[in-house]
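Spelled out from the first residue to the last, the chains are:
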Amino acid sequence: MSQIVTDRIDDILGKISTITRKLNWPDLPIDLKPPIGDFALICFPAAKILKQDPSDIATKIALQINDIKEITSAEPEKGYCNVVIDWNDITIDVINEINDDSYAKTKEDVEKILIEHTSANPTGPFHMGRARNPIIGDSIARLLQYYGHNVETEYYVNDTGRQAATLAFGLSNYETKNKGKVDHELVEAYQKASKLLEENENIRDEIYRKMEEIEGGNAEVLKEVKESAKKMLEGMKVSLKRLGAEANNYYHESDLIANGKVGKVIESLKNSEICKEENGAYYLDLEKENIAGRNQKFFFTRKNGLSLYTTRDIAYHLHKFQNYDKALNVLGEDHRLQSKLLGIALRELDSKEPISLFYSFVNLPGGKMSTRAGRVVYLDNVMEMIVELAKNKLDETDLNKETKNKLAEDIGIGSLRYNILKVQAEKGFTFNIEDALNLQGDSAPFAMYSHARAAAIIRNYSKDIPDIILNEKLSHSEIRLLRTLAKWPDTVQRAVSNLAIHYIPNYTHELASNFNQFYRDCPVIGNNNEQLRINLVSSSKRILNTSLGILGVKAPDIM
RNA sequence: GGGCCUGUAGCCUAGCCUGGAAGGGCGUCUGGCUUCUAACCAGAAGAUCCAGGGUUCGAAUCCCUGCAGGCCCGCCA
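If you're wondering where the values come from, they're calculated on a predicted model, not measured in any experiment.

(A) Local environment of the packing of aromatic side chains. Inspection of the entire model under this criterion finds 12 aromatic pairs. Judged by centre distance (6.0 Å) and plane angle (50 degrees), the rings of Tyr146 and Trp488 are tilted. With Tyr146 in helix 5 (residues 128-147) and Trp488 in helix 19 (residues 488-498), this pair connects stretches of sequence that are 342 residues apart. Here the two residues Tyr146 and Trp488 agree in accessibility, since each one is buried.

Dropping the structure here:
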């Protein structure tokens, strides 16, 4: 909530408290999110203590507080008393607060945060199932950055292990047909190698030998797998760039082996009091950690002494904490257990632990997405479709072709991101293409359109935004809009502390919706209250632009 | 079998942490462009908040027991 509004409500509550005390009543709890007004006094507990009807209490308290001058109205309703504060005398201060650069920003110390997101295996083009990761990760990064932290994003490139060996083998042995986009082309070689890995013993041996050489630290093979991954990644990065979700850094897993960090981790873990050995393989005994069943033995080497994926992950996180205060990982729900074990191992090494944000997988209407069953939707195809659709809608306008293409891109990609971000991450998500292609209602274009309308008013006004003068009392629509604008810091704060990005699109839709109602009810230019209204337009545009920015959605001035 | 996540109108979803009057959107029906952009706005219909029990003046929200769906349980990554 805006500080000015919060302070004002506190003042009023203080006065109400004085009144209830004089009546010898208990304090009335409040509801800050009432269906009507700014807050509601809840009369049920008092009713019980005073042995009176709650609606009588509500009526009495309404009468008592109605002449508090900071209140516009206090209306009893059932066992509630709905209070509307007087916005007229705080409006100027509230708008000035909103326009200040520090609005909604953190008041605490700035932290250096590394957000790892996406980190998909570089074995082929992104699926829709994985698309939730870069979009959420990127928007969380934008959110924390906006809030005031020092944020960088990183993609952990999985270029060791079986899949990396398979990819490298495929790329050096099979020709592929040029498909324009390199990841769509190279995936053929990977798929072919993958298939032969299962069917052909000689090839399987060869790939497994490569895998051992990787883990054993063979410089030449490490270079080969890294290069193969990079080639595939080149195509994948194009998709991320189009999505607006490219990471700042790419960290290759193979480097952790090459630079000896993995070896050091193994040595340190062996010194742990809970380290045990079985047939030459080492593990941490997690008996005391309340971990069920087989996972009590958390292996970090194989019996040949070589590292496992988890070992390398530990080394990676130790490396992260050398440079950052906090590490945040955006992970699929399949990594939950893994992530817990990683935390335990890091604690064992006296290191900080990363914070994890998990999302559930994206399903298709008929069931889950599966490469094997051929039930796969590529991110690239979805982006193409949705942009094409936006383009068709723009055909009715008289914009020039270049503007139209740019707009269609912004609308299409924005819609895709918005659609994914508006759902709580833990919730399973069925990707319905029809739904994603519906560009109405609670969607990116809805908010973009409100923003463009605000821009149009400011364009037509064609003067600098003036100081606010309140010539007339505020109307209902103006108060509603102001009330929503005042809620922005609270929204940001909650989104940050819960790492819940979906609060942002929820808010954006509410703001856009309130702006549209204001647009209908309140002509700006030439109105008696023009100075106030143009300021409301300008502040709304500003916050819409900011919230869309966090979502990674562009906010054009014309559409 | 064990662990974690999810269950809210025909469909999608917010609210759950911190108990207080069930919000949106899609779809359906009705009305609104000579007025700063109708990708908009207004109105209508549509909800045993998975089920049962408990705590409470009050439960979608907290606790317990079930049920259904997802994910995980390798010296793979």
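(B) Up close: the sheet that holds strand 3 (residues 71-77). What the 4 strands build is an open sheet, ordered 1-2-4-3; its pairing is antiparallel. Every other strand in the sheet has two partners, leaving strand 1 (30-31) and strand 3 as the edge strands with one partner each. As paired elements, strand 1 and strand 2 (residues 39-42) share 2 bridges and run antiparallel to each other. Considered in strand 2, the bridge of Ile30 is made with Leu41. Strands in contact with helix 1 (residues 3-22) are strand 1, strand 2, strand 3 and strand 4 (80-85); relative to strand 2, the strand with the most contacts, it is inclined by about 25 degrees.

(C) Representation of the pairing of strand 6 (residues 150-157) in the model. The element strand 6 is extensively covered by neighbouring structure, given that 6 of its 8 residues are classed as buried. The pairing of strand 6 with strand 7 (residues 249-252) spans 4 bridges and is classified as parallel. The residue bridging Tyr156 from the neighbouring strand is Tyr251, located in strand 7.

(D) Main features of the packing of helix 19 against helix 20 (residues 503-521). As a packed pair, helix 19 and helix 20 sit with axes 9 Å apart at the nearest point and diverge in direction by 160 degrees. Classified by the angle their axes make, helix 19 and helix 20 are roughly antiparallel. Helix 19 and helix 20 meet at a crossing whose hand is right-handed. Contact residues: Trp488, Thr491, Arg494, Ala495 and Asn498 in helix 19; Tyr503, Ile504 and Tyr507 in helix 20.

(E) Region of the structure containing the pattern of salt bridges. Per the counting criterion, the structure on display carries 26 salt bridges. Among the ionic pairs, Lys15 bridges to Glu70, the shortest N-O distance being 3.1 Å. One end of the pair, Lys15, is in helix 1; the other, Glu70, is in the loop between helix 3 (54-65) and strand 3, with 55 residues separating them in the sequence. For Arg242, the salt bridge identified is with Glu384, shortest N-O distance 2.9 Å. With Arg242 in helix 9 (residues 219-243) and Glu384 in helix 14 (residues 379-394), this pair connects stretches of sequence that are 142 residues apart. Looking at Arg242, the relative accessible area reads 26%, which means it is partly exposed.

(F) Broad picture of the confidence of the model for chain A. In the predicted model, chain A carries a mean pLDDT of 94, and 98% of its residues have values of at least 70. Interface confidence for the predicted complex, given as ipTM, is 0.96, next to a pTM of 0.96.

(G) Representation of the domain arrangement of chain A in the model. If you check the domain split of chain A, you get domain 1 (3-85), domain 2 (112-363) and domain 3 (379-550). For domain 1 and domain 2, the distance between their C-alpha centres works out to 56 Å.

(H) Inspection of the nonpolar core at higher detail. Core analysis: the largest hydrophobic core is formed by 160 residues, its most contacted members being Leu41, Ile65, Trp87, Ile115, Tyr155, Leu416 and Trp488. Leave out the neighbours within four places in its chain, and Trp488 touches Tyr103, Ala104, Tyr146, Ile504, Tyr507, Ile543, Thr546, Ser547 and Ile550.

(I) Here's a closer look at the protein's contact with RNA strand B. Close to RNA strand B lie 71 residues, the nearest being Asn82, Arg302, Lys303, Tyr449 and Asn460. Those atoms of RNA strand B that come within 4 Å of the protein belong to sugar or phosphate at a rate of 67%. Contact distances for RNA strand B include 2.3 Å between a phosphate oxygen and a side-chain N or O atom of Arg302. His502 is positioned with one of its side-chain polar atoms (N or O) 3.2 Å from a phosphate oxygen of RNA strand B. A per-element tally of the surface near RNA strand B places helix 17 (residues 444-461) first, with 8 residues. A per-class count over the surface near RNA strand B returns 31 nonpolar, 21 polar and 19 charged.

(J) Structural context of the sheet that holds strand 9 (residues 281-285). Taken in spatial order, the 3 strands make up an open sheet running 8-9-10, and their pairing is antiparallel. Single-partner strands in this sheet number two, and they are strand 8 (275-278) and strand 10 (297-299). On average, each strand axis in the sheet is inclined to that of its neighbour by 40 degrees, with strand direction left out of account. With 4 bridges joining them, strand 8 and strand 9 adopt antiparallel strand pairing. By the bridge assignment, Glu278 is partnered in strand 9 with Ala281.

Parameters at a glance
Position numbers for residues count from 1 along each chain, tracking the sequence in the order it is written. Whichever chain is written first is A, and whichever ligand is written first is 1; the rest continue in order. Whole-chain, interface and lining totals are the exception, using all residues; otherwise, since this is a predicted model, local features are given only for residues with pLDDT of at least 70 and side-chain atom pairs are given and counted only at 80 or more. Working from all heavy atoms in the structure, the side-chain values ignore hydrogens and water. Aromatic rings from Phe, Tyr and Trp, taking only the six-membered ring of Trp, are treated as a pair when their centres fall within 6.5 Å; an angle between ring planes under 30 degrees marks them as stacked, one over 60 as edge-to-face, and anything in between as tilted. Numbering goes from the N terminus for both helices and strands, where a helix is a DSSP run of H or I of at least four residues and a strand is a run of E of at least two. Each residue is placed in one exposure class: buried if its accessible area under a 1.4 Å probe, protein chains only, is under 20% of its type's maximum, exposed if it is over 50%, and partly exposed if it falls in between. When DSSP locates at least two bridges between a pair of strands, those strands are taken to pair. We call two residues in contact whenever any of their non-hydrogen atoms come within 4.5 Å of each other. Note on geometry: axes are lines fitted to C-alpha atoms, helical ones only across the stretch in contact, with angles between N-to-C directions running from 0 to 180 degrees. Any angle from 65 to 115 degrees is called roughly perpendicular, while one under 35 is roughly parallel, one over 145 is roughly antiparallel, and all others are oblique. Crossing handedness is read from the near helix: turned anticlockwise from the far helix by less than a right angle, it gives a left-handed crossing, and turned clockwise, a right-handed one. Salt bridge, as used here, is a side-chain nitrogen of Lys or Arg placed within 4 Å of a carboxyl oxygen of Asp or Glu. Every residue carries a pLDDT, the predictor's confidence in it, which falls somewhere between 0 and 100. By convention here, the domain bounds are inherited from an automatic or database domain assignment. By nonpolar core we mean a set of buried residues, namely Ala, Val, Leu, Ile, Met, Phe, Trp, Tyr and Cys, connected to one another through side-chain atoms within 4.5 Å. Here, proximity means that at least one heavy atom of the residue falls within 4 Å of the molecule or strand. Counting of polar contacts relies on pairs of N or O atoms within 3.5 Å, with two restrictions inside protein: one atom must be capable of donating a hydrogen and the other of accepting it, and residues adjacent in sequence are counted only when both atoms are side-chain atoms. Throughout, the ten residues Ala, Val, Leu, Ile, Met, Phe, Trp, Tyr, Cys and Pro are labelled nonpolar, Asp, Glu, Lys and Arg are labelled charged, and all others, Gly among them, are labelled polar.

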